[in-house]
Structure formats: structure tokens, C-alpha cells
Amino acid sequence: MHAASAGQAAAYNALVTKRFDVCVQGAGAVGKALALALSRQGFSVALVQAAQPPGAAAAREDVRAYALNAGSIGLLAELKVWESLPAQGAATPVLDMRIEGDSRGRLEFSAWEQRVRELAWIVDAAALEQELATALRFAPHVSLVGEPAPAELLAVCEGKASATREALGAGFEQHAYGQTAVAARLVCEREHMGVAWQWFRSPDVLALLPFDRPEAGRSFGLVWSVPAERAQQLMALDEADFNAALNEAAGPAPGMLKLASQRAAWPLSIGRAARWCGPGWVLLGDAAHVVHPLAGQGLNLGLGDVATLARVLAERQREESWRPLGDERLLSRYVRERASPTWTMAQLTDGLLHLFAQPGLPLRELRNSGLTLVHHLKPLKRWLAGQAFK
Ligand SMILES: Cc1cc2nc3c(=O)[nH]c(=O)nc-3n(C[C@H](O)[C@H](O)[C@H](O)COP(=O)(O)OP(=O)(O)OC[C@H]3O[C@@H](n4cnc5c(N)ncnc54)[C@H](O)[C@@H]3O)c2cc1C
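Described below are features of the structure shown in this document. (Residues numbered from 1 in each chain as written. Predicted model: local features only at pLDDT ≥ 70, side-chain atom pairs only at ≥ 80, totals over all residues. Heavy atoms only, no water.)

1. Points about the overall build of the protein
This is how it is decided: Helix and strand assignments come from DSSP, with helices taken as H or I runs of at least 4 residues and strands as E runs of at least 2, each series counted from the N terminus. Only protein chains enter the accessibility calculation, which uses a 1.4 Å probe. A residue is then buried if its area is under 20% of the maximum for its type, exposed if over 50%, and partly exposed in between. Residue contacts are defined here by distance: any two heavy atoms, one from each residue, within 4.5 Å place the two residues in contact.
Along its length, the protein carries 14 helices and 18 strands. Looking at the protein residue by residue over its 390 residues, the buried ones come to 50%. Sequence-distant contacts, at least 24 apart, represent 74% of the contacts inside the protein between residues at least 6 apart.

Dropping the structure here:
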């Protein structure tokens, strides 16, 4: 056999026969971040990437812009994938957030009032995935593999339609909202000044996230959640008609908006796994919990899972290294810690959605007064800000 191919075969054999500490199944943002976090602690990690059909990535560019909170930014900074994102114009700080109801109700958060530099950052989804992938190339203990590899612990990060979760019998209760999110990039005639806008207009929820791509200072990420049928119509409209519908829905406050990318549609649901861990396996991210994107929290929750699991496993290294990584009692500590924040956020987003989905007049007046009341109730507002931005 040729020397080079003998070397490759030896490397391949070593890889397939190696038993890793952790096999991370699914290389979305949550799986990539977990692989990086565990590698930094010295664990050997196999990261399983799904095979992409040729041309799939180019055909479906991710036009989403994620709102990421301080906890997520802190984790990304630790993983050394944060610094270059604001520098390339792929992350924009939110200084002010204006939420409007469907009848004069109004709630506003400002960084100044919350005594923070920014409420959140709006981050280019594709650029974030790219930075994570680049960091992985330099991660000393991560092997990128195409098939599940033997490991002490299987971390399932396959997203909401996870087949491995199904095979493990974890159970997943899911409720489809009958709504679809239409996402796109926009440019605006006026500068965004770091202001994020959101309108609850029964049954639509329209969000504009200040952004610097494609035009610095004048772009927004759009997330427009509408009934599925309406989404089909919006997707089919030509650009001029779509812009007209969008400007009518947003009104004049942010300035005249124009599409600046393809549109993408995402069917929306709420879901939660019945079991999050078992002997030798654990669920993270959308594989464990799915929420409506109206509060921009799904990935924040997933990165919170990553930070917690990484800490639980690091504590075990220091204090109980005799315990196997797949020990269910060990993994239950992670599950207990994540139960409350993920459940609270699911209830908040689901409650808000249902409150504003009812068309009746008395309820409309009540919810709008409620929104304005929250605006004036400082402790409640602080609590809400803590849930969303920390
Ligand atoms: C319109 C919209 C806007 C959003 N906005 C925000 C926001 O502003 N802020 C926020 O925090 N969240 C937001 N979210 C939520 C966020 O997108 C998700 O919570 C997040 O992407 C979940 O990441 P994940 O890695 O868990 O799952 P995914 O992103 O779904 O990644 C799962 C990965 O696993 C792979 N995979 C699946 N099966 C297998 C297999 N068998 N083997 C190997 N690989 C497999 C998939 O190909 C994929 O790469 C938004 C969601 C939507 C739809």
C-alpha cells in the first residue's frame, strides 16, 4: 500500500475504533458550541455532522438575525467566537426596545433604564455558524465525523425534529401553532439607532431587529409571525407588494422599509421532551425544548443548556471523576437546573401569543392596558427584562 494512504487508513482506523468522552450528535449552533466548550475542558469530542445534499447550503442561505442575550454573548466570548462578529458588522447592539399592542398598549425597555450597555445583540445567524465552525477547526480535542461514534456520553443536539430523541424513547410533546414566521433582511430609509420594534397585532406578531447588514445603520432583521395561510400569500407576493404589506403592518414609526434578501418561512410550534436524560444520553437545545420566536429566546435557551452541562461535567472532573460521564444522576443535575428557565420562557411566550391572538374587543382593551401597566410597574418590568436579556 502507498505510504500516504496507509497513513490515512491508520488514522481512519484509530478514529473508528476510538472511544470518545462525548459524542455530540447534531452540528447546529448548540452542538457546535457544546463541542467547543467540552474540548476546552479537555474532553475528547466526536461532533456528528449531518450529510448535506450537494448545493443545499447555497440554495438555503439563513436570513435570520438572532437576538442574543448577555448570557449567550458571555459563553460565545469564552469560546473565542464573539470578538470578530461585531467587528465584521455581523452583530449590532440593541439600545431600546419598543413593543406595541393592537390598541394603544405600549411597553418600552431601554438599556439606559436597565443600567446596561445594551439590552441584547442582533447577530447574523450564518456568520455565527461560520465563526463556530472556524473555532472548531482549531479545537484540539474535537473530531468531525459523519456517523455516531462510540462515547461515554451521547449529547443529542439535533434540533426540534430529532430522530435520535425518538429512538431513545424520550417522548416529545409538540403543539403546532398554525403560524409561520416569515424572515428576511430589510433596509430602511432611516437609521435604526439601535431600536428594536415589535407589534402584537392579533393574530400577527411583527418584529424588526436593528442590524448592520446589508447596510450599516439602516438594516433590520424581519421576523413576521402570521397564520400559515397568510404566510403563503406573503411568500408569493412580488417584492413591491410585499414591501407595501410590510409597511402597512409596521406603520410609519421605523421609516419606509424595503426587502433586501430572499424571504424564508419557518412553521412554528411549542414543544418539550418528556425526558431530557437517561443512562449515557442527554438532550440540549431545540431537541429538548422549542419555543415561539416572538421573544427571540430559542437559541439563548440552547446556549444556556450548553453552559450548564459544561459546568456540571467540569464539576464532576474536579470532585467525582470516578463517576462515568453518562451517569444519569450526574446528568439529572443539568436537567434540574434547566427545567425552570426553559419552562418559564415557554409559558411566557405561549401566554403572550394566546393573549394577543384573541380578536374580541374587551380582551383587546384589557391586554393593551396590561402592556402599558407593565411599562409603569418597575419591579415587574425588571423581572421581565431579567428573563429576556440576562
Ligand atoms: C424565525 C426564527 C427566528 C428565531 N430567532 C431567534 C432569536 O432571535 N434568538 C434566539 O435565541 N433564538 C431564535 N430562534 C430559535 C433558534 O433558531 C433555535 O432555537 C436554534 O437554532 C436551535 O439550535 P439547535 O442547534 O438546538 O438546533 P438546530 O439549529 O435545528 O440544529 C440542529 C442540527 O442537527 C442536525 N441534525 C439533525 N438530525 C441529525 C442527525 N440524525 N445526525 C446528525 N445531525 C443531525 C441538523 O442538520 C442541524 O444542523 C429563532 C427561530 C426561528 C424559526
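Following the structure, the description resumes.
2. Quick notes on the sheet that holds strand β9 (residues 151–156)
The following threshold applies: Pairing between two strands is assigned when DSSP locates at least 2 bridges connecting them.
Across the sheet, which stays open at both edges, the six strands sit in the order β8-β2-β1-β9-β17-β16 with mixed pairing between neighbours. One side of each edge strand has no neighbouring strand; the edge strands of this open sheet are β8 (142–145) and β16 (277–278). The pairing of strand β2 (residues 45–48) with β8 spans four bridges and is classified as parallel. Residue Ala46 lies in a different strand from β8, and its bridge partner there is Ser143.

3. Some thoughts on the pairing of strand β13 (residues 219–227)
Burial runs high along β13: eight of the nine residues are buried. Note that strand β10 (residues 172–188) and β13 share nine bridges and pair antiparallel. Paired with Thr180 across the bridge in β13 is Val226. Direction of pairing for strand β12 (residues 204–211) relative to β13: antiparallel, over a ladder of seven bridges. Looking at β13, one finds that Ala207 is bridged to Val223.

4. Quick look at the site of the ligand
Quick reminder of the rule: Whether a residue is near a molecule or strand depends on its heavy atoms: it is near if one of them lies within 4 Å of it. Nitrogen and oxygen atoms within 3.5 Å of one another constitute a polar contact, given that in protein one can donate a hydrogen and the other can accept it, and given that sequence-neighbouring residues count only through two side-chain atoms. Throughout, the Shrake-Rupley method with a 1.4 Å probe supplies accessible areas, and for residues the shown protein chains are the sole cover considered.
Around the ligand, a shell composed of 25 residues is seen, among which Arg64, Ala67, Asp286, Leu299 and Asn300 lie nearest. Between the ligand and the protein, one listed contact pairs an oxygen atom with a side-chain N or O atom of Asp286 at 2.8 Å. For the ligand, the protein covers 79% of the area, taking 1,000 Å² as the surface of the free molecule. Of all the secondary-structure elements, those providing two or more residues to the shell around the ligand are α2 (29–40), β3 (65–68) and α11 (298–319).

5. Comments concerning the packing of aromatic side chains
Let me state the cut-off plainly: Between 30 and 60 degrees the pair is tilted, below 30 it is stacked and above 60 it is edge-to-face, where a pair is any two Phe, Tyr or Trp rings, Trp via its six-membered ring, whose centres lie within 6.5 Å.
Evaluation of the coordinates by the stated rule reveals three aromatic pairs. On the numbers, 5.2 Å between centres and 75° between planes, the contact of Trp82 with Trp121 is edge-to-face. Of this pair, Trp82 sits in the loop between α4 (70–78) and α5 (84–87) while Trp121 sits in strand β7 (residues 120–124), and the two are 39 residues apart along the sequence. The burial state of Trp82 is the same as that of Trp121; both residues are buried.

6. Topic: the nonpolar core
As a reminder, the rule being used: As used in this record, nonpolar core signifies buried Ala, Val, Leu, Ile, Met, Phe, Trp, Tyr and Cys residues forming a set joined through side-chain atoms within 4.5 Å.
Within the largest apolar cluster, 61 residues are counted, with the highest numbers of intra-cluster contacts made by Leu34, Leu128, Val282 and Leu284. If one sorts the elements of this core by residue count, α2 sits on top with eight residues. Beyond its immediate stretch of four places on either side in the chain, Leu34 contacts Val24, Ala155, Cys157, Leu284, Val306 and Leu309. Among the nonpolar cores identified, the runner-up in size contains 31 residues, and Leu119, Val223, Ile270 and Leu353 belong to it.

7. Brief notes about unusual backbone geometry
Of note, the bond from Arg213 into Pro214 is cis; its omega dihedral lies within 30 degrees of zero at 10°. Take Pro214: it is sitting in the loop between β12 and β13. Its identity as a non-glycine residue notwithstanding, Arg115 has a phi of 55°, on the positive side. Within the element layout of this structure, Arg115 appears in the loop between α6 (111–114) and β7.

8. Structural notes on the sheet that holds strand β4 (residues 91–94)
Here is the rule we go by: To define axes, lines are fitted to C-alpha atoms, for helices over the stretch in contact only, and angles between the resulting N-to-C directions are given on a 0 to 180 degree scale.
Judged by pairing direction, the sheet is antiparallel, and its three strands sit side by side in the order β3-β7-β4 without closing on themselves. Where the open sheet ends on each side, the last strands, each with one partner, are β3 and β4. Neighbour-to-neighbour, the strand axes of the sheet open up by a mean angle of 25°, direction not taken into account. The sheet contact formed by β4 and β7 spans four bridges and is antiparallel. Its bridge partner being in β7, Thr92 is matched across the sheet by Ile122. Contacts from helix α7 (residues 125–137) reach β3 and β7 within the one sheet, and its direction differs from that of β7 by about 80°.

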